[in-house]
Amino acid sequence: MPPAMLADTALAESAVTVSIPHSTTPTILLIACGALAREILAVIECNGLTGMALECLPATLHNRPEHIPEAVREKIRAARGRGIETVHVVYADCGTGGRLDRVCEEEGVTRIAGPHCYAFFDGLDDFAARADEEIGAFFLTDFLARQFETLIWKGMGMDRHPDLRDLYFAHYDRVVYLAQTDDPALDAKARAAADRLGLRYERRKTGYGALADFVQRAASSGC
Amino acid sequence: MSDEEDDIVLSELSNEELVQQMHDDLYDGLKDEILEGVNILLERGWAPYKVLTEALVEGMRIVGIDFRDGILFVPEVLLAANAMKAGMGILKPLLAETGAPKQGKMVIGTVKGDIHDIGKNLVSMMMEGAGFEVVDLGINNPAENYLEALEKEDADILGMSALLTTTMPYMKVVIDELKAKGVRDNYVVLVGGAPLNEEFGKAIGADAYCRDAAVAVETAKEYMSQRMHNQ
């Protein structure tokens, strides 16, 4: 799928192969969560990186994280079958409790460090340092702000049963929108999401954080 | 529900039909219908314990199986749990009056740094339904909370829950603290939560990892029966 046609709904619900400009014969594969596709592409385009392919798994896998490790393994093996030896995984641990790391180790690939994408956007050390203070924070990224309705409101059944909101979010006190880009429309969406959840709102500009370094290092790994 | 089901008058059903209907209503998360069903069975002279086990716990067991098999998802399980909780609200004081088999006592809580309690609450409810006395410490518990409660309550079982990869290692801190105080073997330690697995449970020194509420109940029963046998 060409970058311009990347649809959030497809990234949320389907496995998507993203065409990268100037990468007609890629030797490096990034296997990523659909929630990171646009951000990875932005880093690639911004830095003029070449020789890379990007395959995304559905972002909805986060609702059943136990399925993530084997889905990633399948992608790695399929890539090896096509002759692509250099593979990097752009998933945080994402609630797999170390099982994704085991798959990466067994398959001989690297993974971006961190427990959640929030952490690598925010900066791993800063995120960890704020853990106590932000224990009640529900994090949104650009993707999640755009997909709040589909992935969170509907995905968690609150469209059908609004009472569930108070069960899920009883102990949360705020929404923290970790913004990758400066987009007033997304800011408004994130604020509206916080209102809907009955939580106070904070916005923190993070940019692409450690994702930018990881993708750039991945680009040079095939040399 | 279909229109046909909407026309069902619970009070006109036989006991067997009513219990079956309550299983369906629990599955559909229909709190008002569960409350009505519980009251009808009690009026018909059913012992509170029989209502609890045959109508509610059995219904929730079916919900648990379909959750495990990927047929039901978290929202549906929560609605079912809410309906069961409402039914238990009627039964609990009656169970205390009439007496019900006591299985043991559990102290349970979500670990320090973690505010997620949906799974823990489900386990608490199912354990109570199975005849365990449950002391729920809530969320974000440091080790000392668990240790104090275990001693004060003279508990048999410690249950710890975590939803985050970053908070699950704290379970080992609690278990190590129990060891340091020389009381680890006084308790059965059960752990659970989405990112955990059996290997992690073993690695931190828990007695068992429980992948869901139904497994927690069965595991707790097995350990309590072993304890009784060894006494």
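A quick note: this is a predicted structure, and the numbers were derived from the prediction, not measured. (Residues numbered from 1 in each chain as written. Chains lettered and ligands numbered in written order. Predicted model: local features only at pLDDT ≥ 70, side-chain atom pairs only at ≥ 80, totals over all residues. Heavy atoms only, no water.)

K.L.:
Any chance you could explain the overall build of chain A here in plain terms?
P.N.:
The helix and strand tally for chain A stands at 11 helices and eight strands. In summary, chain A has a C-alpha radius of gyration of 17 Å against a globular reference of 17 Å for 223 residues, a match within 12%. With the C-alpha coordinates aligned to their principal axes, the bounding extent of chain A is approximately 50 × 35 × 35 Å. Across chain A, contacts joining residues at least 24 apart in sequence account for 70% of those joining residues at least 6 apart. For chain A, the accessible surface area stands at approximately 9,600 Å², while carbon and sulfur atoms represent 51% of it. Here chain A carries 24 positive and 32 negative side-chain charges, and the mean point of each set is 2 Å from the other. (Helix = DSSP H or I, 4+ residues; strand = E, 2+ residues; numbered from the N terminus. Rg over C-alpha atoms; globule rule 2.2 N^0.38 Å. Contact = heavy atoms within 4.5 Å. Areas by Shrake-Rupley, 256 points an atom, 1.4 Å probe, with all protein chains shown as cover. Lys, Arg positive; Asp, Glu negative; His and termini not counted. Charge placed at Lys NZ, Arg CZ, Asp CG, Glu CD.)

K.L.:
Hey, could you run me through the pairing of strand β4 (residues 188–192) of chain B in this one?
P.N.:
On a regular strand, one side chain projects to one face of the sheet and the next to the other, so that they alternate. Residues and elements named next belong to chain B. With five of five residues buried, β4 is to be regarded as a mostly interior element. By the alternation rule, side chains of β4 split into V188, L190 and G192 and V189 and V191, which are all buried. Alignment of strand β3 (residues 157–161) against β4, held across five bridges, turns out to be parallel. Note that in β4 the partner of L158 across the bridge is V189. (Buried < 20%, exposed > 50% of the residue type's maximum accessible area, 1.4 Å probe, protein only. Pairing = 2+ DSSP bridges.)

K.L.:
For this particular structure, what's the right way to read empty space enclosed by the protein?
P.N.:
Residue and element names in this part refer to chain A. As enumerated under the stated definition, the model contains one cavity of 30 Å³ or more in all. Its volume calculated, the largest cavity comes out at about 40 Å³. Lining the largest cavity we find C33, A35, L36, H62, Y91, C94 and C117. When grouped by side-chain class, the residues that make up the lining of the largest cavity number six nonpolar, one polar and no charged. (1 Å grid on protein atoms, 1.4 Å probe; cavity = no way out; pocket = protein on both sides within 12 Å on 5 of 7 lines; lining within 4 Å. Points joined across faces, edges and corners; volume = space filled by probe spheres on them. Nonpolar A, V, L, I, M, F, W, Y, C, P; charged D, E, K, R; others polar.)

K.L.:
How do you make sense of the sheet that holds strand β4 (residues 86–90) of chain A when you look at a structure like this?
P.N.:
Pairing between the strands of a sheet is mediated by backbone hydrogen bonds and can be parallel or antiparallel. Residue and element names in this part refer to chain A. Reading across from one edge, β1-β3-β2-β4-β5 is the order of the five strands in this open sheet, with mixed pairing throughout. Whereas interior strands pair on both sides, the edge strands pair on one side only; in this sheet they are β1 (16–18) and β5 (110–111). For β1 and strand β3 (residues 52–57), the ladder comprises three bridges, and the chain directions are antiparallel. Bridging across to β3, V16 finds its partner in C56. Packed onto the sheet, helix α11 (residues 209–220) meets β2 (28–33), β3, β4 and β5 and runs at close to 170° relative to β4. (Axes fitted to C-alpha atoms, helices over the stretch in contact; angles between N-to-C directions.)

K.L.:
Would you explain the interface of chain B and chain A in this entry?
P.N.:
It is common to give the size of an interface as the accessible area that goes away when the parts come together. On the chain A side, the residues contacting the 27 residues of chain B number 20 residues. Across the chain B to chain A interface the summed buried area is about 1,800 Å²; carbon plus sulfur atoms make up 60%. Among the residues of chain B in contact with chain A, P75, I115 and T165 of chain B are the three that bury the most area, contributing 27% of the side total. On the surface where chain B and chain A come into contact, there are two salt bridges. In this structure, R160 of chain A engages E76 of chain B in a salt bridge whose closest nitrogen and oxygen atoms are separated by 3.3 Å. Remark: the boundary between chain B and chain A carries seven residue pairs in polar contact (both at pLDDT 80 or more). Counted by class, the side of chain B that touches chain A contains 15 nonpolar, eight polar and four charged residues. (Buried area = accessible area lost by both parts, 1.4 Å probe. Salt bridge = Lys/Arg side-chain N within 4 Å of Asp/Glu carboxyl O. Polar contact = N/O pair within 3.5 Å; in protein donor to acceptor, adjacent residues only side chain to side chain.)

K.L.:
Whenever I open this one, the nonpolar core confuses me. Can you help?
P.N.:
Within soluble globular proteins, side chains that are nonpolar tend to cluster in buried spots. Among the nonpolar cores identified, the biggest contains 79 residues, and I40, M52, Y91 and L140 of chain A are the most heavily contacted of them. Each of domain 1 (3–117 + 208–220) and domain 2 (124–205) of chain A accounts for three or more of the residues forming this core. Counting residues in each nonpolar core, the second largest holds 49 residues, with L13, I34, V57 and A81 of chain B among its members. (Core = buried A, V, L, I, M, F, W, Y, C linked by side-chain atoms within 4.5 Å. Domains from an automatic or database assignment.)

K.L.:
Where do I start with the pattern of salt bridges in this structure?
P.N.:
Side-chain pairs of opposite charge can arise where the charged atoms are in close proximity. Residues and elements named next belong to chain A. Within this structure, the stated rule accounts for 32 salt bridges over all chains. As a salt-bridge pair, R165 and D166 come within 3.1 Å of each other at their nearest N and O atoms. Its relative accessible area of 48% is what places D166 among the partly exposed residues. With its nearest N and O atoms 3.0 Å apart, the salt bridge here joins D173 to R174. When its relative accessible area of 35% is taken as the criterion, D173 is described as partly exposed. Its relative accessible area of 6% is what places R174 among the buried residues. Through salt bridges that share partners, E70, R73, R77, E106 and E107 make up one connected network.

K.L.:
Can you walk me through the layout of surface pockets in this structure?
P.N.:
Where empty space is left becomes clear once a probe the size of a water molecule has been rolled over the atoms. Approximately 380 Å³ is the volume attributed to the second largest pocket. Around the second largest pocket, the lining comprises 20 residues; the ones closest to its centre are N82, K85, N121, L122 and M125 of chain B. Of all the secondary-structure elements, those providing two or more residues to the lining of the second largest pocket are α9 (164–168) of chain A together with α5 (74–98), α6 (118–129) and β2 (132–136) of chain B. Looking at the lining of the second largest pocket element by element, the count peaks at seven residues for α5 of chain B. For the lining of the second largest pocket, the residue count by class is 10 nonpolar, four polar and six charged.

K.L.:
What should I look at first to understand the state of the cysteines in this one?
P.N.:
Linking two cysteines covalently via their sulfur atoms produces the bond known as a disulfide. Residues and elements named next belong to chain A. Inspection of the entire model under this criterion finds zero disulfides over all chains. There is no disulfide at C46, and the cysteine sulfur nearest it, in C56, is 18 Å away. Free of any disulfide, C104 has its nearest cysteine sulfur in C94, 11 Å distant. Relative accessible area serves as the criterion here: at 4%, C104 is assigned to the buried category. (Disulfide = S-S within 2.5 Å.)

K.L.:
Before we go on, may I ask you to explain the domain arrangement of chain A in this structure?
P.N.:
Residues and elements named next belong to chain A. Domain boundaries assigned for chain A yield domain 1 (3–117 + 208–220) and domain 2 (124–205). A straight line from the C-alpha centre of domain 1 to that of domain 2 covers 24 Å. Each partner contributes to the interface: domain 1 provides 18 residues, whereas domain 2 provides 12 residues. Regarding the contact of domain 1 and domain 2, the summed buried area is about 1,100 Å², with carbon and sulfur atoms giving 66% of it. The largest share of the area that domain 1 buries against domain 2 comes from D8, E39 and Y208, three residues that together contribute 36% of it. Linking domain 1 to domain 2 there are zero salt bridges. The interface formed by domain 1 and domain 2 contains zero residue pairs in polar contact (both at pLDDT 80 or more). Counting only elements with at least two residues in the side of domain 1 that touches domain 2, the list comes to α1 (8–13) and α2 (37–47). For the side of domain 1 that touches domain 2, the leading source of residues is α1, giving five residues. Residue composition of the side of domain 1 that touches domain 2, by class: eight nonpolar, six polar and four charged.

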